[in-house]
There are 2 protein chains.
Amino acid sequence: MKEFRDDDRLYLDDLQIGQRFTSGTYVVDEEQIKAFARQFDPQPFHLDNEAAKNTLLSGLAASGWHTAAITMRLLVESGMPLAGGIVGAGGELDWPNPTRPGDSLQVESEVLDIRPSRSRPDRGVAVVRSLTRNQRNEVVQCLTAKLIVHVASESGELHVAEVRDAGTAQSLREN
Amino acid sequence: MKEFRDDDRLYLDDLQIGQRFTSGTYVVDEEQIKAFARQFDPQPFHLDNEAAKNTLLSGLAASGWHTAAITMRLLVESGMPLAGGIVGAGGELDWPNPTRPGDSLQVESEVLDIRPSRSRPDRGVAVVRSLTRNQRNEVVQCLTAKLIVHVASESGELHVAEVRDAGTAQSLREN
C-alpha cells in the first residue's frame with residue numbers, strides 16, 4: 001500500500017473544490033468480519049454464515065461500522081494527506097451495498113466545499129465525499145464528512161487552551 | 001448489563017413516534033482506544049497520550065468510529081430490541097465531544113419517524129435518533145439512522161430472492 005510522506009501533507013489553502021484523492025486497497029476477510037462483529041455488532045448476519053442467509057443482508061456481510069472503520073484506515077494511510085490528520089466533526093453516511101468476505105475496498109474522495117472559519121483564522125472545514133467501492137466497482141459506503149483542516153503550515157499546531165475553551169463543535173457552528 | 005429476551009422484540013407496528021429506549025452502559029479504557037486506533041484510525045491523537053496534547057482533540061480521545069462502534073454494541077445488546085435486528089441503511093452522524101479514556105457511555109434513542117414501505121408490505125423504515133452520552137451527561141455522538149424494520153411477526157423471515165432482487169437501497173428509495 002502506498003503511504004504518505006510528510007511533505008505531501010495538505011493544508012486548507014492547498015485544497016480545491018473538485019479535487020480528488022484515491023486510496024490504496026484493503027481486503028477484508030470472513031474472520032475479520034466476524035471478529036469486528038463479535039466486538040461491536042453481534043448480530044447473526046455478521047457472525048454466522050448459515051443464519052445470515054435468510055436475513056435482509058442475504059448472507060454474511062460486514063457491519064456497516066466495520067466498512068466505515070476500514071474506510072477510515074484507508075483515508076488515514078493513503079486516502080487523503082491532510083496536515084494535522086483527518087479529524088471529522090460529523091457527516092452523512094449511507095451503505096448502498098453490503099461488504100462481503102473477500103471484498104477489496106478502495107476509497108475515492110472528492111472535495112465538495114471549503115469553508116475558512118470566520119472566528120478562527122488557523123483552521124477551516126472541508127466537506128469531503130468519500131465513496132468506498134469493492135472490486136466490482138459497487139459502492140459499499142458513501143460518506144460526506146465535515147473535516148477540520150489547518151489553514152497553513154505557518155500557523156503551527158493549535159494551542160491547547162484555545163481549543164479547550166471553544167470546543168470543536170462550537171467552532172464548527174460558527175462557520 | 002441488561003439483555004433482551006426474544007419476546008421483547010419489536011416490529012414496525014409496535015413502534016411509535018416519540019418512543020424512547022435507554023441502553024446499558026459501556027466503559028471504554030485507554031487500551032481499547034489505542035487498540036481500535038491501531039487497527040482502524042492510526043493517528044497520534046488516538047494512539048499517543050503525549051502527542052495528543054497539542055492537537056485539535058487536546059489529549060487522547062477515541063476515534064469517532066470507535067464511539068460509533070461502541071454505540072452500535074449498546075444498541076444491539078440493550079439499546080433497541082428490534083425484531084430481525086438492527087439494520088441501518090445510513091444516517092447522519094455528529095461527534096460534538098470526544099470520548100476519553102475511562103468514559104462510561106450510554107445510548108438514548110428516540111423514534112422520530114415511521115415509514116411503512118409502499119412496495120414491500122413486510123417492512124418499513126424507522127428513523128431513530130440515538131444520543132450517546134458520557135458519565136458527565138455530555139453528548140459524544142448524535143446519530144440519526146434510517147433502520148429497516150420488519151412489519152409483523154406473521155410475515156416471518158424475508159425471502160432471500162426477494163431481497164436480492166430489489167436490494168436494500170432500492171427498497172429504501174421507494175419509500
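In what follows, the structure referred to is the one given above.
The shown structure was predicted, so the numbers you read here are calculated from the model rather than taken from an experiment.

1. Details of the interface of chain B and chain A
- At the interface, 40 residues of chain B touch 39 residues of chain A.
- In terms of residues, the side of chain B that touches chain A owes the most to one element, helix 4 (residues 64–79) of chain B, which gives eight residues.
- Its residues assigned to classes, the side of chain B that touches chain A comprises 21 nonpolar, twelve polar and seven charged.
- Sheet analysis places strand 2 (residues 88–94) of chain A next to strand 2 (residues 88–94) of chain B, joined by five bridges and oriented antiparallel. Looking at strand 2 of chain B, one finds that Glu92(A) is bridged to Glu92(B).

2. A closer look at helix 1 (residues 30–40) of chain B
- Along helix 1 of chain B, the positions that sit buried rather than exposed are Ile33(B), Phe36(B), Ala37(B) and Phe40(B). Down the axis of helix 1 of chain B, the sector holding all buried residues measures 100 degrees, keeping them to one side. Away from its buried face by more than 90 degrees, helix 1 of chain B exposes Glu31(B) and Arg38(B).
- Taken together, the buried residues of helix 1 of chain B touch helix 4 (64–79) of chain A together with helix 2 (44–47) and helix 4 of chain B.

3. Quick word on the relation of the copies chain B and chain A
- Each copy of the sequence occupies a distinct position, and chain B is placed on chain A by a rotation of 180 degrees and an axial shift of 0.0 Å, giving an RMSD of 0.0 Å. In symmetry terms, the pair is related by a two-fold rotation axis. Distance from the rotation axis, computed per C-alpha, reaches its smallest value in chain B at Glu92(B): 2.2 Å.
- Comparing interface residues between copies, 98% of those in chain B also lie at the interface in chain A; the contact surface is shared.

4. Some details on the pairing of strand 2 of chain B
- With six bridges connecting them, strand 2 of chain B and strand 5 (residues 139–150) of chain B associate as antiparallel partners. Residue Gly88(B) lies in a different strand from strand 5 of chain B, and its bridge partner there is Leu147(B).

5. Description of the nonpolar core
- Among the nonpolar cores identified, the biggest contains 76 residues, and Trp65(A), Ala69(A), Leu147(A), Trp65(B), Ala69(B) and Leu147(B) are the most heavily contacted of them.
- In this view, Leu147(A) contacts Leu82(A), Ile86(A), Val87(A), Gly88(A), Val125(A), Ala126(A) and Val128(A); residues no more than four positions away in its chain are not counted.

Rules and cut-offs
Residues numbered from 1 in each chain as written. Chains lettered and ligands numbered in written order. Predicted model: local features only at pLDDT ≥ 70, side-chain atom pairs only at ≥ 80, totals over all residues. Contact = placed C-beta atoms within 7 Å. Helix = DSSP H or I, 4+ residues; strand = E, 2+ residues; numbered from the N terminus. Nonpolar A, V, L, I, M, F, W, Y, C, P; charged D, E, K, R; others polar. Pairing = 2+ DSSP bridges. Buried ≥ 20, exposed ≤ 12 C-beta atoms within 10 Å, placed from the backbone. Arc of directions from axis to C-beta. Least-squares fit on C-alpha atoms with pLDDT ≥ 70 in both. Core = buried A, V, L, I, M, F, W, Y, C linked by C-beta atoms within 7 Å.

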